[in-house]
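If you want the building blocks of each chain, they are given just below.
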Amino acid sequence: MNRLERLREAVDEIVERAADRRSGFAHLHGVAAAAALLALRRGEDAELAAAAGLLHDVATYETGSADDHAARSSQRARQILGLLRGFDPAEIDAVCAAIASHSDKANVQDALSEVLKDADVLEHALSNPLASLLEGHAARWEALRRELALSVLPASAADRPGE
Ligand SMILES: [Fe+2]
């Protein structure tokens, strides 16, 4: 089993005990896949991007609270990656820095942080294409739509007659 697969198992063990397991699995694995896609598109490290995606909200699902979740998830990610072995200190620092800043969608940071923020926006937008975007996601979604040559999302269900 490679290090990413071992990380996936460690994250799954945590999410298994979460109150909102379905959302935990779907969102963390979805952001990991979206992060790998964006990293490959941008010539960044897809494995580290996937690792950051898997861990980026881990504290939220572990504790059931989203308070200060970026900082708490970053700290928890450092523990998990340290115990897991296989990731070197510079990689752990890069992943944890990206997780710590992922709620700051308004500002642009290093390439891995940008991949993670955009992957979070992409997963939220794709998980329910008819729902409104989350607050603060619109500008990044618009940029992603252009970058990935995606069509405009259909009008929200609430805007369509008969629904
Ligand atoms: Fe997220």
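Reference entry: report on the structure contained in this document. (Residues numbered from 1 in each chain as written. Predicted model: local features only at pLDDT ≥ 70, side-chain atom pairs only at ≥ 80, totals over all residues.)

1. Regarding the overall build of the chain
- Looking only at helices and strands, the chain features eight helices and zero strands.
- Reading the chain from its N terminus to its C terminus gives the helix and strand order α-α-α-α-α-α-α-α.
- Against the 2.2 N^0.38 benchmark of 15 Å for 163 residues, the chain shows a C-alpha radius of gyration of 16 Å, consistent with a compact globule.
- Counting only C-alpha atoms, the chain reaches 55 × 35 × 30 Å along its principal axes.
- The proportion of buried residues among the 163 residues of the chain is 34%.
- The contacts of the chain with a sequence gap of at least 6 include a subset with a gap of at least 24, amounting to 56%. (Helix = DSSP H or I, 4+ residues; strand = E, 2+ residues; numbered from the N terminus. Rg over C-alpha atoms; globule rule 2.2 N^0.38 Å. Buried ≥ 20, exposed ≤ 12 C-beta atoms within 10 Å, placed from the backbone. Contact = placed C-beta atoms within 7 Å.)

2. Considerations on the packing of helix H5 (residues 69-84) against helix H6 (residues 89-100)
- The contact between H5 and H6 brings their axes to 8 Å, and the two run at 160°. Between H5 and H6, the angle falls in the class roughly antiparallel. The way H5 lies across H6 gives a crossing that is right-handed. Touching Ala70, Ala71, Ser73, Ser74, Ala77, Arg78, Leu81 and Gly82 of H5 are Ile92, Val95, Cys96, Ile99 and Ala100, all from H6.
- Classifying every residue of the contact of H5 with H6 by side-chain character gives nine nonpolar, three polar and one charged. (Axes fitted to C-alpha atoms, helices over the stretch in contact; angles between N-to-C directions. Parallel < 35°, antiparallel > 145°, perpendicular 65-115°, else oblique. Left-handed = near helix turned anticlockwise from the far one by under 90°. Nonpolar A, V, L, I, M, F, W, Y, C, P; charged D, E, K, R; others polar.)

3. Here we look at the nonpolar core
- Among the nonpolar cores identified, the biggest contains 37 residues, and Ala35, Ala49, Ala52, Leu55, Val95 and Leu116 are the most heavily contacted of them.
- Of all the secondary-structure elements, those providing two or more residues to this core are helix H1 (3-16), helix H2 (21-42), helix H3 (46-55), helix H4 (58-63), H5, H6 and helix H7 (111-127).
- Top element by residues in this core is H2. It accounts for eight residues. (Core = buried A, V, L, I, M, F, W, Y, C linked by C-beta atoms within 7 Å.)

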